[in-house]
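# Commentary on secondary and tertiary structure
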Amino acid sequence: DTAVSQTPKYLVTQMGNDKSIKCEQNLGHDTMYWYKQDSKKFLKIMFSYNNKELIINETVPNRFSPKSPDKAHLNLHINSLELGDSAVYFCASSQEWGANQPQHFGDGTRLSIL
Amino acid sequence: QQQVKQSPQSLIVQKGGISIINCAYENTAFDYFPWYQQFPGKGPALLIAIRPDVSEKKEGRFTISFNKSAKQFSLHIMDSQPGDSATYFCAAGSGGQAGTALIFGKGTTLSVSS
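Residues numbered from 1 in each chain as written. Chains lettered and ligands numbered in written order. Predicted model: local features only at pLDDT ≥ 70, side-chain atom pairs only at ≥ 80, totals over all residues. Heavy atoms only, no water.

## Points about the overall build of chain B
Rules: By the criteria applied, helices consist of DSSP H or I runs no shorter than four residues and strands consist of E runs no shorter than two, each listed in order from the N terminus. Remark: exposure states derive from per-residue accessible area (1.4 Å probe, protein chains only) relative to the maximum for the residue type, with buried under 20%, exposed over 50%, and partly exposed in between. Throughout, a residue-residue contact means that at least one pair of heavy atoms, one from each residue, lies within 4.5 Å. Throughout, the Shrake-Rupley method with a 1.4 Å probe supplies accessible areas, and for residues the shown protein chains are the sole cover considered.
Counting its secondary structure elements, chain B contains zero helices and eleven strands. When the helices and strands of chain B are listed from N to C terminus, the series reads β-β-β-β-β-β-β-β-β-β-β. Across the 114 residues in chain B, those meeting the buried criterion constitute 45%. Long-range contacts, defined here as pairs at least 24 residues apart, represent 53% of the contacts in chain B between residues at least 6 apart. Element-wise, carbon and sulfur atoms account for 50% of the exposed surface of chain B, whose accessible area totals about 5400 Å².

In structure tokens, the structure reads:
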């Protein structure tokens, strides 16, 4: 069983479209994250939810909206996609909130904007 | 204050050699320093981590050295193997409920030649 699973694995779409990425974890963790990894492999946190409550919302355009329907799921919806949104998006989870908690990452969603 | 600086950007080591990756941080409140390993097409995975109350931690062929006064830490991979070829990220943050998110370095791409 995959611990943190993301769908889809690849997403190719045109500028201006709206798309969603889904994430599910079966580890029973309380905290989930979305990261963006750019073409230079730089990994930057976007959002974090703890017990379905948003606790980190980095400087991310408001076209990006996370939603956590329950502790096991954290989805990412992106409106009006732009060329600069092309990246790999990783979902991760940890037992509790805090930098000292090991994070378990999914295998990423590669988003390509045409 | 929030940056974690990682070097080198890329590293080529012969099989059996020692790989050394260095990181420096600025925020003295950070109290957790993990290293993550990422293979192509996969998400990062926790490799080893250290807290500032110890100067060294070893797990198998992987060792973290920590210098609190210099605000630096490094990853040493002994007897490097081709299977170690991956991107390595250092990170830093502070734990607990009032803690911070992990701040990642920009990554080091390690190639171990056979």
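## Side note on the sheet that holds strand 8 (residues 73–78) of chain A
Residue and element names in this part refer to chain A. Note the following rule: When DSSP finds two or more bridges between two strands, those strands count as paired. For every element, the axis is a line fit to its C-alpha atoms; helices are fit only across the contacting stretch, and the angle between N-to-C directions ranges from 0 to 180 degrees.
Pairing in this open sheet of four strands is antiparallel, and the strands run 1-3-8-7 from one edge to the other. This sheet does not close on itself; its edge strands, each paired only once, are strand 1 (4–7) and strand 7 (64–70). Put simply, the sheet's adjacent strands are angled 20° from each other on average, direction ignored. Of the pairings in the sheet, the one linking strand 7 to strand 8 comprises five bridges and is antiparallel in character.

## Section: the state of the cysteines
Residues and elements named next belong to chain A. This is how the line gets drawn: Throughout, a disulfide means two cysteine sulfur atoms within 2.5 Å of one another.
Enumeration according to the criterion identifies two disulfides over all chains in this entry. Here Cys23 engages in a disulfide with Cys91; their sulfurs sit 1.9 Å apart. Handedness here is read from the sign of the S-S torsion; for Cys23 and Cys91, about -75°, the answer is left-handed. In this pair, Cys23 sits in strand 3 (residues 19–25) while Cys91 sits in strand 9 (residues 87–94), placing the two residues 68 residues apart along the sequence. Given a relative accessible area of 1%, Cys23 falls into the buried group.

## Quick look at the packing of aromatic side chains
We apply this condition: Note on aromatic contacts: the rings of Phe and Tyr and the six-membered ring of Trp form a pair at centre separations within 6.5 Å, being stacked when their planes are under 30 degrees apart, edge-to-face when over 60 apart, and tilted otherwise.
All chains considered together, the criterion is met by 18 aromatic pairs over all chains. A centroid spacing of 5.6 Å and a plane angle of 90° characterise the contact between Tyr35(A) and Phe104(B), whose relative ring orientation is edge-to-face. Of this pair, Tyr35(A) sits in strand 4 (residues 31–37) while Phe104(B) is found in strand 10 (residues 103–104), placing the two residues in two different chains. For the pair Tyr35(A) and Phe104(B), one class covers both residues: buried. Ring plane angle 80° and centroid distance 5.8 Å describe the contact between Phe105(A) and Tyr36(B), whose orientation is recorded as edge-to-face. Here Phe105(A) is found in strand 10 (residues 104–105), whereas its partner Tyr36(B) is found in strand 4 (residues 33–38) on a different chain.

## What about unusual backbone geometry?
Here the amide bond leading from Thr7(A) into Pro8(A) is cis, since omega sits at 0°, within 30 degrees of zero. The topology assignment puts Pro8(A) in the loop between strand 1 and strand 2 (10–13). In this model, Ser7(B) is joined to Pro8(B) through a cis peptide bond whose omega is -5°. The phi torsion at Lys41(A) lies on the positive side, around 75°, for a residue other than glycine. Tracing the sequence through the fold places Lys41(A) in the loop between strand 4 and strand 5 (43–50). In this model, Asn51(A) sits at a positive phi of 50°, which is unusual for a non-glycine residue.

## Points about the interface of chain B and chain A
The cut-off we apply is this: What counts as buried area is the accessible surface, traced by a 1.4 Å probe, that two parts surrender upon association, with contributions from both included. For this analysis, a salt bridge means a side-chain nitrogen from Lys or Arg found within 4 Å of a carboxyl oxygen belonging to Asp or Glu. Here a polar contact is recorded for every N or O atom pair within 3.5 Å, except that within protein the pair must consist of a potential hydrogen donor and a potential acceptor, and residues adjacent in sequence are included only if both atoms are side-chain atoms.
Contacts between chain B and chain A engage 24 residues on the former and 20 residues on the latter. Between chain B and chain A, the buried area comes to about 1800 Å², and carbon and sulfur atoms account for 55% of it. At the boundary of chain B with chain A, the tally comes to one salt bridge. For the salt bridge of Asp107(A) with Lys42(B), the shortest nitrogen-to-oxygen distance reads 3.4 Å. Seen at the junction of chain B and chain A, the total is six residue pairs in polar contact (both at pLDDT 80 or more). Among the elements of the structure, strand 4 and strand 9 (86–92) of chain B are those that each provide at least two residues to the side of chain B that touches chain A.

## Re the side chain of Gln6(B)
Residues and elements named next belong to chain B. Position of Gln6 relative to the elements: it lies in strand 1 (residues 4–7). According to the relative accessible area criterion, Gln6 is buried, its value standing at 13%. A polar atom in the side chain of Gln6 sits 3.2 Å from the backbone nitrogen of Cys90. At 3.1 Å, the side chain of Gln6 forms a polar contact with the backbone nitrogen of Gly107.

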